[in-house]
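Structure assessment
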Amino acid sequence: MNNHSFEELFQAYRTFFGKGDALYQLFSPYRICPLGAHVDHQHGLVTGFAFNSGIDFLFSETTTGKVEMCSLSFEGLMTFNVQRPVDEKQNNWGDYLRGAVWALQKDYTLKNGVRGVVKGSMPIGGLSSSAALLCGFVMAIDKVNHLGLDKLQVIHYASQAEREYVGLRNGILDQACVVLCESDKLLYLDTETSDYDLIPFGQNLKGDVPRKLPFRLGIFFSGVTRKLTGTDYNLRVSECKTAAWIMQAYEDIHLRELSDTCLRDVPQELFSKHADRMPERFARRARHFYSECERVKAGVEAWKNGDIHQFGQLVFESCESSMNNYECGSPELIALYQIMRRSNGIYGGRFSGAGFKGACIALVDPACEEEIRREVTKAYLAEYPQYRNSFEIFFCDPADGVDFM
């Protein structure tokens, strides 16, 4: 949190709540996933970075259990009590706060609430702002109730809240990036086992001199936002699970409930064996899963070898599979991706997040930032002039995960 952000939040806190005692500051970053698109809900392999833009929290403890949270990004003062059940959703941004408490209440008796202000530093869409909000709020409730949660527990409760309370059937990628990432390393995560590694760039190269990352992160907002619960996100999850079911049925393997089935259960050899006889829709979903996991492994090796060009090419290939096999991407995002592919100074890029609305992300040469900003803006707005007032480009750096300031 920079001084300007703190002053803005402090003034908002004073406006809403008056003088506060023992104010806590927390920063929860947004995330990108360069490789590992759409596979975490099938227990696949993923990579990720947190970056130095996200959600700032300023809050104090309430001993009555009352939660009072306002946002400088969304309307409404969210109020409820952690000492009481929070089963009912309200269909507003406060559902993420209630979901965090709902998940924690399964294992803990909560006594203290929080009173505070949050502010996001970028438009919503494709950067897992929901995970940043959830992880930050889980840590806030943990702080005032002295629960002593470790990082994997924060991930667990935030993910459970989003899946089971909010209703988005994602995996743990978003929360893991928000919590685990380090600024100078690539997160490599197995979402089935939760095993992870934080890998320095070029670690296979000789010498032990720290190597500065040769890129920055470009964030390209299409100007269109939409909640994932209103898209085909959950449908794609079901299609992936059905693809696994079909292959298991061909092999006469005992089927579990669809909700307990995922593509990681099925060896890639079985897909090669049955791909031609599967309904094409489901074959495409499986093809994306298996090829994306292979791209993750190849990308990790390129990263270890210090080959940003190969790593970036794999990111481009990931987006091609997202469009052709996973079949996501709005016209705006596809146009942005195609512009990025022909832009000088972009090593690799793809849709961010679910890929239905929101943003594209890219790994960019820092020397080319202004050229990229100028050329991408010109080309995109020539095609979509209606987004002139909402299209935005940001350049950011990888950052550490959520923490108190």
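Here the structure is shown first, and the text comes after it.
Below or above, wherever it landed, is the structure these notes cover. Remember, predicted model here, so these are calculated numbers, not experimental data.

A few words on unusual backbone geometry. Despite not being glycine, Asn-91 shows a phi value in the positive range, around 60°. Its place among the elements puts Asn-91 in the loop between β4 (78–81) and α2 (94–105). Judged by relative accessible area, Asn-91 falls into the exposed class, the value being 66%. Positive phi, close to 60°, is recorded for Asp-252, a residue that is not glycine.

Among the surface-exposed residues, Phe-16, Leu-72 and Leu-77 lie close enough to one another that they form a single nonpolar patch of about 260 Å² accessible area. Turning to its location among the elements, Leu-77 is positioned in the loop between β3 (66–71) and β4.

So, about the pairing of strand β10 (residues 359–364). Of all 6 residues making up β10, 6 are buried, and the element is well covered by its neighbours. Side-chain alternation along β10 places Ala-359, Ile-361 and Leu-363 on one buried face and Cys-360, Ala-362 and Val-364 on a second face that is also buried. Where strand β8 (residues 216–221) lies against β10, 6 bridges are found, and the strand directions are antiparallel. Note on β10: the bridge partner recorded for Leu-217 is Leu-363. The pairing of strand β9 (residues 346–351) with β10 spans 5 bridges and is classified as antiparallel. Its bridge partner being in β10, Ile-346 is matched across the sheet by Val-364.

Now for the sheet that holds β8. Pairing within the open sheet is antiparallel, and its 4 strands lie in the order β9-β10-β8-β11. Unpaired on one side and paired on the other, β9 and β11 (392–396) mark the two borders of the sheet. On average, each strand axis in the sheet is tilted by 20° relative to the strand beside it, whichever way the strands run. Against the sheet, helix α9 (residues 308–324) engages β9 and β10, with an angle of about 25° to β9. In the packing of helix α10 (residues 331–341) onto the sheet, contacts are made with β8, β9 and β10, and the angle to β9 comes to roughly 170°.

This paragraph deals with the packing of helix α4 (residues 151–166) against helix α5 (residues 173–180). Viewed as axis vectors pointing N to C, α4 and α5 meet at an angle of 145°, and their least axial separation amounts to 9 Å. The handedness of the crossing between α4 and α5 is right-handed. In contact with Lys-151, Val-154, Ile-155, Ala-158, Ser-159 and Glu-162 of α4, α5 contributes Gln-175, Ala-176, Val-179 and Leu-180. Looking at the contact of α4 with α5, its residues break down into 6 nonpolar, 2 polar and 2 charged.

The subject of this paragraph is the pattern of salt bridges. Inspection of the entire model under this criterion finds 26 salt bridges. Taking the shortest distance from any N to any O, the salt bridge between Arg-98 and Asp-95 comes out at 3.0 Å. Taken as a pair, Arg-98 and Asp-95 lie in helix α2 at a separation of 3 residues, close to a single helical turn. In this pair, the class of Arg-98 matches that of Asp-95, namely buried. Several salt bridges share partner residues, and in doing so they unite Arg-236, Glu-239, Glu-280, Arg-281, Arg-284, Arg-285, Arg-287 and Glu-327 into one network.

With 16 residues, α4 extends 21 Å from end C-alpha to end C-alpha; this agrees with the ideal 22 Å at 1.5 Å per step. Those residues of α4 that sit buried are Val-154, Ile-155, Tyr-157, Ala-158, Ser-159, Gln-160, Ala-161, Glu-162, Tyr-165 and Val-166. Contacts made by the buried residues of α4 are with α2, α3 (129–145) and α5. One side-chain oxygen at the N-terminal end of α4 lies 3.2 Å from the backbone nitrogen of Leu-152; it belongs to Asp-150. Gly-167 lies just past α4 and shows a positive phi near 105°.

With that settled, consider the packing of aromatic side chains. Enumeration over the complete set of coordinates arrives at 22 aromatic pairs. Taking the centre distance of 6.2 Å and the plane angle of 55° together, the rings of Tyr-30 and Phe-51 count as tilted. Here Tyr-30, found in strand β1 (residues 24–32), pairs with Phe-51, found in strand β2 (residues 45–62); they are 21 residues apart in sequence, far enough to count as distant. An identical accessibility class is assigned to Tyr-30 and Phe-51; each is buried. Each residue in the set Phe-49, Phe-201, Phe-215, Trp-303 and Phe-311 is aromatic and connected to the rest through ring pairs, giving one cluster. The lysine or arginine in question, Arg-277, covers the ring of Tyr-250, its NZ or CZ lying 3.8 Å from the ring centre.

Counting residues in each nonpolar core, the largest one holds 131 residues, and the members touching the most others are Phe-137, Ile-219 and Phe-220. Sort the elements by how many residues they give to this core and α3 lands first, with 11 residues. With near-sequence residues (within four places) excluded, Ile-219 lies in contact with Ile-32, Phe-51, Met-122, Leu-127, Ala-359, Cys-360, Ile-361, Glu-392, Ile-393, Phe-394 and Cys-396. Membership of the second largest hydrophobic core comes to 7 residues, among which are Leu-9, Ala-12, Phe-17 and Leu-58.

About the cut-offs
- Residues numbered from 1 in each chain as written.
- Predicted model: local features only at pLDDT ≥ 70, side-chain atom pairs only at ≥ 80, totals over all residues.
- Heavy atoms only, no water.
- Helix = DSSP H or I, 4+ residues; strand = E, 2+ residues; numbered from the N terminus.
- Buried < 20%, exposed > 50% of the residue type's maximum accessible area, 1.4 Å probe, protein only.
- Patch = residues over 30% accessible without salt bridge, like charges linked within 9 Å, V, L, I, M, F, W, Y side chains within 5 Å.
- Areas by Shrake-Rupley, 256 points an atom, 1.4 Å probe, with all protein chains shown as cover.
- Salt bridge = Lys/Arg side-chain N within 4 Å of Asp/Glu carboxyl O.
- Pairing = 2+ DSSP bridges.
- Axes fitted to C-alpha atoms, helices over the stretch in contact; angles between N-to-C directions.
- Contact = heavy atoms within 4.5 Å.
- Left-handed = near helix turned anticlockwise from the far one by under 90°.
- Nonpolar A, V, L, I, M, F, W, Y, C, P; charged D, E, K, R; others polar.
- Expected span 1.5 Å × (residues − 1).
- Polar contact = N/O pair within 3.5 Å; in protein donor to acceptor, adjacent residues only side chain to side chain.
- Phe/Tyr/Trp six-rings, centres within 6.5 Å; stacked < 30°, edge-to-face > 60°.
- Lys NZ or Arg CZ within 6 Å of the ring centre and 35° of its normal.
- Core = buried A, V, L, I, M, F, W, Y, C linked by side-chain atoms within 4.5 Å.

Purely geometric numbers; function is a separate question.
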